[in-house]
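These are the residues of each chain, in order.
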Amino acid sequence: MTLRRAAKLPLLIGIAASALVVSVFYVSVYQDFNTGIEETERVKSTLAKTLASRTQVRMQNEIQILELAAKLPQVQSTTFSHLISEEFKGIPPNADPEKRAVQNAIFQEFRDFETVAFLMPNGDVYSVEPSEFQKNLPVVNFAYRDYFIKTTSTQRTYVSEIFRSTATDHNTVVISTPVFRDGALVGVLVGSMNLDVLNKALQTLELGRNEVAVLVDRDGMGIASSERSANSQTKAHSYSYLGNIVEDIRDGKEGVSEVPVNGTAMHVTYAPVELSGNRWAVLLIQPSEDAFSEAYLHQRQAIAIAAIVVAVMGISEYILFRAMLRNLKLADRLEDLNEALKTSNSDLKKEKVRLESLSNELQAKNSHLEYLAHELDLKAEQLQKIDAAKEEFAAMITHELKTPLVPIIGFAELLSDGTLGELTPLQREKVQLMHGSAISLSNLITDLLDIRKLELNKMKFDMIESSVNEFLERAVGSFKPLAESKKISLTYNVQAEKEPNGTLNLICDPKRIQQVLHNLLSNAIKFVPEKTGRIEVSARRIPDDGSIEFGVRDNGIGIPVEKQNEIFKKFYQVDTSLRRAMGGSGLGLAISKGIVEAHGGTIWFESVPGVGTTFYFSIPARPALGNGSNDSK
Ligand code: ADP
């Protein structure tokens, strides 16, 4: 335990060291910060004062020129006052050219002035230059203006309040000076300044982020501003919210202050502008955050560095402490582990014995399974043998059924054609009936054999290149007599114009394809009406894939829609009563489908009940044998 306590010592030393580092840091950061702020304030105050004195010099210049002009004899003589009339709002434009020349010269020389006017001691307008302003004056007496009142009462030059000029309709400031002759007031010389002159001077300044420089009068009303939007047309902006600062301005003090404006702390630096009989001030206004952003940034960086130092020190101390503790714990743990190992060793021994007995059991089970598998193999072999025997039996039965029919059919033919002696008409009729039945039976057995072979995939196909033209010719030829006897039209058509030698060739088992055609034709003949029946057999090559498409079209009874899905099934017949009349086993289409599909082809039909049916089948250009499906079971 004492060891553990000792391990805490480095941690405590670490904490003390961190605290020391932080304090040293804090003191230096604080000093840095203060120096930064003082520096910023110094720069600002210099700028404010410079701006104030620049404005003052400018205004003083204007004051001086007006005061000088007031001393000129041509200004002091007012010999043409009798010419003042309502029509000219003063004297006519061409009267008293000498005084007008002085006014003009001031105006020309000092572009700051917009107009220079001479007023009579009663406030009446005498002359205004440029003279178009005189023409447009809305009033002819200015005795009511503050500058007139102040100048005449104090008999000194006066810089006016900011007002909206009636002549020019924008914010204006006026400098007015009294004109004396022989000690008596003979008039007032007035120069009016468009405040845009002062706006422009401020708007060319390079200021800080969000910083504005403004010129205000003694009431805190804006005279000019560095903001781009400010001009003499805009309504004068009031800075009276600056509170105490306005009082300082009135008292002609300079200074620095921080005032909240709409929730933002604004740093304001101000310096007075002294004018004859009036006082203005220059203000530099900037959000404190921006004004001291650099100092704040330094402060934040320093704090961040201190935090990192403390964190790194803290983490290293902690790791060290943990490592020491861990070493102590490790010894305890090793002891415990040793004990545990001893116990688990004996457990393992027990487990080993159990696993050995399990393994023996598994071996026994395994040999039993092997025995069972062997048994199963034997059974499967037996089943295969039984299957083969069944196959053979079925084939044999079918074959044996056909064999006896051969002599029956042969003798029936000999009897009916009279080779074995003349028969009575009744005898011949019965023998022919017997012959027909034997043939039907033989056909049925052949069909049964075929369907069986197809189902077992045992049907053999001899693939050779065969002429489709020949198929059709032969198939149609064999049905011709029957068709003629029923007066049914039976034609065929092979589209072979583009084929070499004009014959359509196909690789297939010709006998089986013949068989398909035979089935389809025999169905067609069964279901077309006598006399009007029409059957067309056709064959053509499909350009897309080179396959050959056969078609057997009839105008027979058609296949009812609801039966159309069934007719390829084994033993299926649409109408079993008709079967009796027409013959057939219901196997023909199933066999045809089997043969076509074994060639890799497809069989389908289109049928409209009462209109007719067309059966199609297509055989690929290169049939792959064995594609047939046996789903017609
Ligand atoms: P079947 O040996 O009885 O003719 P198929 O398998 O050849 O047996 O034909 C099945 C059934 O399909 C026929 O019974 C018949 O009802 C119908 N069928 C086949 N071809 C036509 C056809 N061209 N017109 C009308 N029905 C047909």
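Residues numbered from 1 in each chain as written. Predicted model: local features only at pLDDT ≥ 70, side-chain atom pairs only at ≥ 80, totals over all residues. Heavy atoms only, no water.

Colleague: Break down the pattern of salt bridges for me, citing the residues and quoting the values.
Modeller: Considering all chains together, one arrives at 20 salt bridges under this definition. A salt bridge links K342 to E339, with the shortest nitrogen-to-oxygen separation between them at 3.9 Å. Of this pair, K342 and E339 are both found in helix α9 (residues 293-402), 3 residues apart, which corresponds to roughly one turn of the helix. Among the residues examined, E339 registers a relative accessible area of 45% and is labelled partly exposed. When the shortest N-O distance is used, the salt bridge between E536 and R534 registers 4.0 Å. Assessed through its relative accessible area of 33%, E536 is described here as partly exposed. (Salt bridge = Lys/Arg side-chain N within 4 Å of Asp/Glu carboxyl O. Helix = DSSP H or I, 4+ residues; strand = E, 2+ residues; numbered from the N terminus. Buried < 20%, exposed > 50% of the residue type's maximum accessible area, 1.4 Å probe, protein only.)

Colleague: Requested: an account of the sheet that holds strand β15 (residues 534-541), with residues and values cited.
Modeller: Read from one edge of the open sheet, 5 strands run β13-β15-β16-β18-β17, paired in mixed fashion. Two strands close off the open sheet at either side, each with one partner strand: β13 (489-494) and β17 (602-608). Each strand of the sheet is rotated relative to its neighbour by a mean of 10°, with strand direction disregarded. The strands touched by helix α13 (residues 510-527) are β13, β15, β16 (548-554) and β18 (612-619); relative to β16, the strand with the most contacts, the crossing angle is about 20°. (Pairing = 2+ DSSP bridges. Axes fitted to C-alpha atoms, helices over the stretch in contact; angles between N-to-C directions. Contact = heavy atoms within 4.5 Å.)

Colleague: Which residues make up the packing of helix α10 (residues 405-416) against helix α11 (residues 425-455), and what values go with them?
Modeller: The geometry of α10 relative to α11 is characterised by a closest axis approach of 9 Å and an angle of 150° between their N-to-C directions. By the criterion of interaxial angle, the relationship of α10 to α11 is roughly antiparallel. In terms of crossing hand, the pair formed by α10 and α11 is left-handed. Between α10 and α11, the contacting residues are L405, I408, I409, A412, E413, L415 and S416 on the first element and R428, V431, Q432, M434, H435, A438, I439, L441, S442 and I445 on the second. Split by residue class, the contact of α10 with α11 holds 11 nonpolar, 4 polar and 2 charged. (Parallel < 35°, antiparallel > 145°, perpendicular 65-115°, else oblique. Left-handed = near helix turned anticlockwise from the far one by under 90°. Nonpolar A, V, L, I, M, F, W, Y, C, P; charged D, E, K, R; others polar.)

Colleague: Please give an account of the packing of aromatic side chains that cites residues and values.
Modeller: Ring pairs (aromatic) are described by centroid distance and by the angle formed between their planes. Taken as a whole, this structure holds 8 aromatic pairs when the rule is applied. Look at F550 and F617: their rings are 4.6 Å apart centre to centre, the planes differ by 10°, and that puts the pair in the stacked class. Taken together, the positions of F550 in strand β16 and F617 in strand β18 put the pair 67 residues apart, joining distant regions of the chain. By relative accessible area, which is 1% here, F550 ends up buried. The class for F617 is buried, based on a relative accessible area of 0%. One aromatic cluster in this structure is built from F568, F605 and F615. In this structure, K99 is placed above the aromatic ring of F118, and the distance from its NZ or CZ to the ring centre is 4.8 Å. (Phe/Tyr/Trp six-rings, centres within 6.5 Å; stacked < 30°, edge-to-face > 60°. Lys NZ or Arg CZ within 6 Å of the ring centre and 35° of its normal.)

Colleague: Could you give an account of helix α15 (residues 588-598), naming the residues involved and the relevant values?
Modeller: Burial runs high along α15: 11 of the 11 residues are buried. Turning to α15, its buried residues are G588, L589, A590, I591, S592, K593, G594, I595, V596, E597 and A598. Turning to α15, the residues buried within the fold contact α11, α13, β17 and β18. Positive backbone phi, at 85°, marks G600, one or two positions downstream of α15.

Colleague: Provide a residue-level description of the site of the ligand, including the pertinent values.
Modeller: Around the ligand, a shell composed of 18 residues is seen, among which N523, K526, D554, Q573 and L589 lie nearest. One of the side-chain nitrogen or oxygen atoms of K526 is found 2.9 Å away from an oxygen atom of the ligand. For the ligand, a nitrogen atom lies 2.9 Å from a polar atom in the side chain of D554. Elements represented by at least two residues in the shell around the ligand include exactly α13, α15 and β18. It is α13 that provides the largest number of residues to the shell around the ligand, a total of 3 residues. Grouping the constituent residues of the shell around the ligand by class yields 8 nonpolar, 8 polar and 2 charged. (Near = heavy atom within 4 Å. Polar contact = N/O pair within 3.5 Å; in protein donor to acceptor, adjacent residues only side chain to side chain.)

Colleague: Go over the pairing of strand β2 (residues 125-129) with me, naming the residues and quoting the values.
Modeller: Counting buried positions along β2 yields 5 of 5 residues, so the element is predominantly enclosed. Hairpin connection from strand β1 (residues 113-119) to β2: 5 residues lie between these consecutive antiparallel strands, with G123 at a positive phi of about 95°.

Colleague: Give me the sheet that holds strand β7 (residues 212-216): which residues, what numbers.
Modeller: Reading across from one edge, β8-β7-β11-β10-β9 is the order of the 5 strands in this open sheet, with antiparallel pairing throughout. Strands with a single pairing partner mark the edges of an open sheet, and in this sheet they are β8 (222-225) and β9 (255-261). Each strand of the sheet is rotated relative to its neighbour by a mean of 30°, with strand direction disregarded. The sheet contact formed by β7 and β8 spans 3 bridges and is antiparallel. Of the residues in β8, the one forming a bridge with V214 is S225. The strands touched by helix α6 (residues 196-203) are β7, β8 and β11 (278-287); relative to β8, the strand with the most contacts, the crossing angle is about 45°.

Colleague: Outline a nonpolar patch on the surface, supporting the account with residue identities and numerical values.
Modeller: Taken together, the side chains of L9, L12, I13 and I15 present a nonpolar region at the surface, about 420 Å² in accessible area. Position of L9 among the secondary structure elements: in helix α1 (residues 2-70). (Patch = residues over 30% accessible without salt bridge, like charges linked within 9 Å, V, L, I, M, F, W, Y side chains within 5 Å. Areas by Shrake-Rupley, 256 points an atom, 1.4 Å probe, with all protein chains shown as cover.)

Colleague: With reference to specific residues and values, describe the environment of I567.
Modeller: Tracing the backbone shows I567 in the loop between β16 and α14 (576-582). For the pair I567 and A590, spaced 23 residues apart in sequence, the C-alpha to C-alpha distance is 8.0 Å. Those residues in contact with I567 that lie beyond four places of it in its chain are I559, Y572, V574, L589, F605 and F615.

Colleague: Give a description of the packing of α13 against α15 that names residues and reports values.
Modeller: In the contact formed by α13 and α15, the axes pass within 9 Å of each other and the chain directions differ by 150°. Viewed along their axes, α13 and α15 adopt a mutual orientation that is roughly antiparallel. The two elements α13 and α15 meet at a crossing, and its hand is left-handed. Judged by residue contacts, R512, Q515, V516, N519, L520 and N523 of α13 engage G588, L589, I591, S592, I595 and V596 from α15. Taken together, the residues that form the contact of α13 with α15 break down as 6 nonpolar, 5 polar and 1 charged.

Colleague: Help me get a handle on unusual backbone geometry, residues and values and all.
Modeller: A cis geometry characterises the amide bond from E129 onward to P130, with omega recorded as -5°. Although it is not a glycine, N262 adopts a positive phi angle of roughly 50°. Relative to the helices and strands, N262 resides in the loop between β9 and β10 (264-275). Judged by its relative accessible area of 81%, N262 is exposed. Phi at N457 takes a positive value of approximately 60°, unusual for a residue other than glycine. Looking at N457, the relative accessible area reads 54%, which means it is exposed.

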